[in-house]
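Letter by letter, the chains look like this.
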Amino acid sequence: MKKNKLNKTPSTENEAVKPSKKKILLGVIIQYLIITFGCLLYAIGISLFVEPAKLSSGGMTGISLIINAVTNFPTGYLYIILNIPMLILGLIFFGWKFLLSTGYATLLSGLFMRLIKHVCVEGWLNNVPLTDNVLVNSVIGAVLFGVGMGLIFRMGATTAGTDVVVKILRKRFRHLKTGMISLVTDMIIVGCSLFVPCNGNRLDRLFYTALHVVVFALVFDWVLYGGNSAKTVFIITAKEKCDAVINRILKDIDTGATIVDAQGAYTRAEKVMIMCVVKPFLYPRLRDVVHEEDKKAFMIVSSAKEIYGEGYQNPEDAEL
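Remember, it's a predicted structure, so these values are computed and weren't measured experimentally. (Residues numbered from 1 in each chain as written. Predicted model: local features only at pLDDT ≥ 70, side-chain atom pairs only at ≥ 80, totals over all residues. Heavy atoms only, no water.)

*Asks:* I would appreciate a short explanation of the overall build of the chain in the present structure.
*Replies:* For the chain, the count of helices and strands is 10 helices and 4 strands. The helix and strand sequence of the chain, counted from the amino end, reads α-α-α-α-α-α-α-α-β-α-β-β-α-β. Scored against the burial criterion, the 320 residues of the chain give a buried share of 40%. Sequence-distant contacts in the chain: of pairs separated by 6 or more residues, those separated by 24 or more amount to 73%. (Helix = DSSP H or I, 4+ residues; strand = E, 2+ residues; numbered from the N terminus. Buried < 20%, exposed > 50% of the residue type's maximum accessible area, 1.4 Å probe, protein only. Contact = heavy atoms within 4.5 Å.)

*Asks:* I'm lost on the packing of helix H2 (residues 21-50) against helix H5 (residues 134-154) in this one. Help?
*Replies:* When two helices pack together, you describe them by how their axes are tilted relative to each other and by the distance separating the axes. Where H2 meets H5, the closest approach of the two axes is 7 Å, and the angle between their N-to-C directions is 160 degrees. In terms of axis orientation, H2 runs roughly antiparallel to H5. The handedness of the crossing between H2 and H5 comes out as left-handed. For the contact of H2 with H5, the residue count by class is 17 nonpolar, 5 polar and no charged. (Axes fitted to C-alpha atoms, helices over the stretch in contact; angles between N-to-C directions. Parallel < 35°, antiparallel > 145°, perpendicular 65-115°, else oblique. Left-handed = near helix turned anticlockwise from the far one by under 90°. Nonpolar A, V, L, I, M, F, W, Y, C, P; charged D, E, K, R; others polar.)

*Asks:* So what exactly am I meant to see when it comes to the packing of H5 against helix H8 (residues 202-225) here?
*Replies:* Contact pair H5 / H8: the axes reach a minimum separation of 7 Å and the direction vectors enclose 30 degrees. Taken together, the axes of H5 and H8 are roughly parallel relative to one another. As for how H5 packs across H8, the hand of that crossing is right-handed. Residue composition of the contact of H5 with H8, by class: 19 nonpolar, 5 polar and 2 charged.

*Asks:* Whenever I open this one, the pairing of strand S1 (residues 230-238) confuses me. Can you help?
*Replies:* With 7 bridges connecting them, S1 and strand S4 (residues 298-304) associate as antiparallel partners. Its bridge partner lying in S4, Lys 231 is registered against Ser 303. Relative to strand S3 (residues 270-278), S1 runs antiparallel, the two sharing 8 bridges. Counterpart to Val 233 in the pairing with S3 is Cys 276. (Pairing = 2+ DSSP bridges.)

*Asks:* I tried to follow a nonpolar patch on the surface on my own but got confused; where do I start?
*Replies:* Taken together, the side chains of Phe 73, Tyr 77, Ile 81, Leu 107 and Leu 111 define a hydrophobic patch exposed on the protein surface, amounting to about 450 Å² of accessible area. Note that Leu 111 resides in helix H4 (residues 75-121). (Patch = residues over 30% accessible without salt bridge, like charges linked within 9 Å, V, L, I, M, F, W, Y side chains within 5 Å. Areas by Shrake-Rupley, 256 points an atom, 1.4 Å probe, with all protein chains shown as cover. Salt bridge = Lys/Arg side-chain N within 4 Å of Asp/Glu carboxyl O.)

What follows is the structure, given as structure tokens:
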């Protein structure tokens with residue numbers, strides 16, 4: 001008589017929780033492709049707009065630009081060399097995983113800056129700055145810089161430099177936004193650019209550099225946190241209308257909701273409060289749905305900057 005073998009197949013629940021190796025590999029590939037694209041945008045903003053216009057910037061980039069203006073040593077190489085101590089600091093506080101992604105982003109950004117300058121400035125293009133308008137250079141450079149850095153940060157990496165210091169401060173002061181911490185440190189570096197020799201009025205250059213840093217901070221925060229924002233909607237409706245409103249929300253908006261029993265303070269009538277969170281572009285449709293089902297419904301709408309859960313931010317992800 002044969003003995004029954006123990007079933008060693010993992011449970012369905014465990015299989016659902018543990019992602020496959022193929023899925024993990026695909027996630028890593030996508031992560032590094034986005035980091036690469038972010039590094040390219042960042043390098044374009046600096047090499048084709050900020051540096052040719054003789055503007056400075058914040059962080060280690062600003063320090064590299066200031067030293068470049070004095071010594072004419074290539075900015076890309078300076079950027080890599082100055083970031084070595086910061087990478088060591090990052091290793092101490094955040095470990096090897098952080099060092100791998102940040103080291104990749106730092107090295108690639110520096111090489112992209114050098115490559116773009118070699119090809120576009122010293123090579124065939126030879127028409128940099130693309131525009132003589134310092135304001136245009138300042139704003140476009142800041143937008144490209146901010147989008148690139150935001151993408152890099154969203155993928156869990158940084159470009160080292162003062163970004164490492166910012167992440168360390170964020171661990172201690174979690175209520176502060178990354179862009180705002182960067183803004184303070186960047187303004188200190190920008191102030192130092194006032195003492196760098198330049199053509200034209202130094203105060204004008206300082207103003208455009210400060211504008212560049214402010215625009216960068218706004219764009220950076222928008223890219224970093226914008227995808228997590230949504231609207232929180234509280235809908236107070238009659239009990240007999242609740243099912244119709246809920247069904248329309250689930251079907252037309254395709255979002256979840258929470259039902260809370262309520263009572264009118266004046267009439268003492270039984271009410272139902274429906275709470276749901278929707279992306280900003282879905283809110284107008286939600287408002288129409290509620291109005292179509294219950295014209296007397298009372299709605300309270302507020303902005304939610306951070307939402308954790310299915311369809312939004314994972315609470316286990318590293319805090320940005």
